[in-house]
Amino acid sequence: MKQIAIDGPAGAGKSTIAKEVSKILGFVYIDTGAMYRTMGLACLKAGIDLADEDKVSDICDRADIDVRYIEGVQHMFLEGEDVSTDIRKNEVSMAASNVSKYQRVRTRLVKLQQELAERYNVVMDGRDIASKVLPNADLKIYLTASVECRALRRYKELIEKGEECELAAIEKEIAERDHNDMTRANSPLVKVDEAIEVDTSDMTIAEVVDRILELFGELE
Ligand code: DC
């Protein structure tokens, strides 16, 4: 099976790029952030303190989550309900970042991600794909962009969806989430040595997609 790993901070364009690359190559796009978001949502629904590692881990161990691919699009189910739209809400982003710190939460999801990669050719995006989930991936990309640029992209996305938000607040949240994700003890976001860094700040989506296809082609 072929594997392309894309890691990077929030808002670097990972999911847009990964979706496009997987469509062109006929691979399955696996959005691991959506899985952590689903766990974050499960904890928000349970109304528990996200700083309580044991409680969060218990909820996440017991949560009935399912990943389904419907017409090539990943859907997340929680307790039988399709929560693919709910998990995109801004409040769920920080909850996902908070619950993803805990090892028990990660162990369950990493296993699920590795099982999917055994069955399909995948483009998988996240924070620990190259470092933990798919250490033998055929291509490892570290996708990044300036904080200002990532905040502006997220702001536009949320406005388009009709969510009320402020650019300055989004920028602050993104910086906070970067800090959380990069400094946690378990599987922090890192650029592994073999990963190729692509800074998307001044690139169009098409340019980034072409660059990745070119890099993948070079390696085949
Ligand atoms: O990529 P995203 O914004 O949907 O991810 C939401 C959060 O989930 C992110 O802030 C950190 C966590 N996450 C993780 O710890 N490991 C992954 N492979 C993917 C996401």
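Structure: above.
Summarised in this report is the structure supplied together with it. Quantities reported herein were computed from a predicted structural model and do not represent experimental measurements.

Cut-offs and rules
Numbering of residues starts from 1 in each chain and follows the order in which that chain's sequence is written. Confidence filtering applies because this is a predicted model: local features only for residues at pLDDT of at least 70, side-chain atom pairs given and counted only at 80 or more, and all residues used for totals across whole chains, interfaces and linings. The side-chain figures draw on all heavy atoms in the structure; neither hydrogens nor water molecules are used. We define a salt bridge as a contact between a side-chain nitrogen of Lys or Arg and a carboxyl oxygen of Asp or Glu at a distance within 4 Å. Here a helix means four or more residues in a row that DSSP labels H or I, a strand means two or more in a row labelled E, and each is numbered from the N terminus. For the exposure calls, accessible area comes from a 1.4 Å probe over protein chains only, and a residue counts as buried if that area is under 20% of its type's maximum, exposed if over 50%, partly exposed in between. Note on pairing: two strands pair once DSSP finds at least 2 bridges between them. Each helix should span, by expectation, one fewer than its residue count multiplied by 1.5 Å. Throughout, the arc means that of the directions going from the helix axis to the C-beta atoms.

**Brief notes about the pattern of salt bridges**
- A full pass over the atoms with the stated rule returns 14 salt bridges.
- The partner of E81 in a salt bridge is K45, and the shortest N-O contact between them spans 3.6 Å. Taken together, the positions of E81 in strand β5 (residues 81-82) and K45 in helix α2 (residues 32-46) put the pair 36 residues apart, joining distant regions of the chain.
- A residue is classified by how much of its surface remains accessible, and K45, at 51% relative accessible area, is exposed.
- Between R104 and D58 there is a salt bridge, with the nearest N and O atoms lying 2.7 Å from each other. Highlighted residues: R104 in helix α5 (residues 103-119) and D58 in helix α3 (residues 53-62), separated in sequence by 46 residues.

**Brief notes about the sheet that holds β5**
- Strand order across the open sheet formed by 3 strands is β3-β4-β5, with antiparallel pairing between neighbours. Looking at the sheet topology across the chains shown, the edges are occupied by β3 (65-70) and β5.
- Where β3 lies against strand β4 (residues 73-78), 6 bridges are found, and the strand directions are antiparallel. Each bridged residue has a counterpart across the sheet, and for R68 the counterpart in β4 is H75.

**Observations concerning α5**
- Under the 1.5 Å per step criterion, the end-to-end length of α5 is 25 Å for 17 residues, consistent within 8% with the ideal 24 Å.
- When we look at burial in α5, the residues that qualify are V105, R106, L109, V110, Q113, L116 and A117. On an axial view of α5, the arc spanned by its buried residues comes to 120°, and they lie on one face. Those residues of α5 that are exposed and angled more than 90 degrees off the buried face are K111, E118 and R119.

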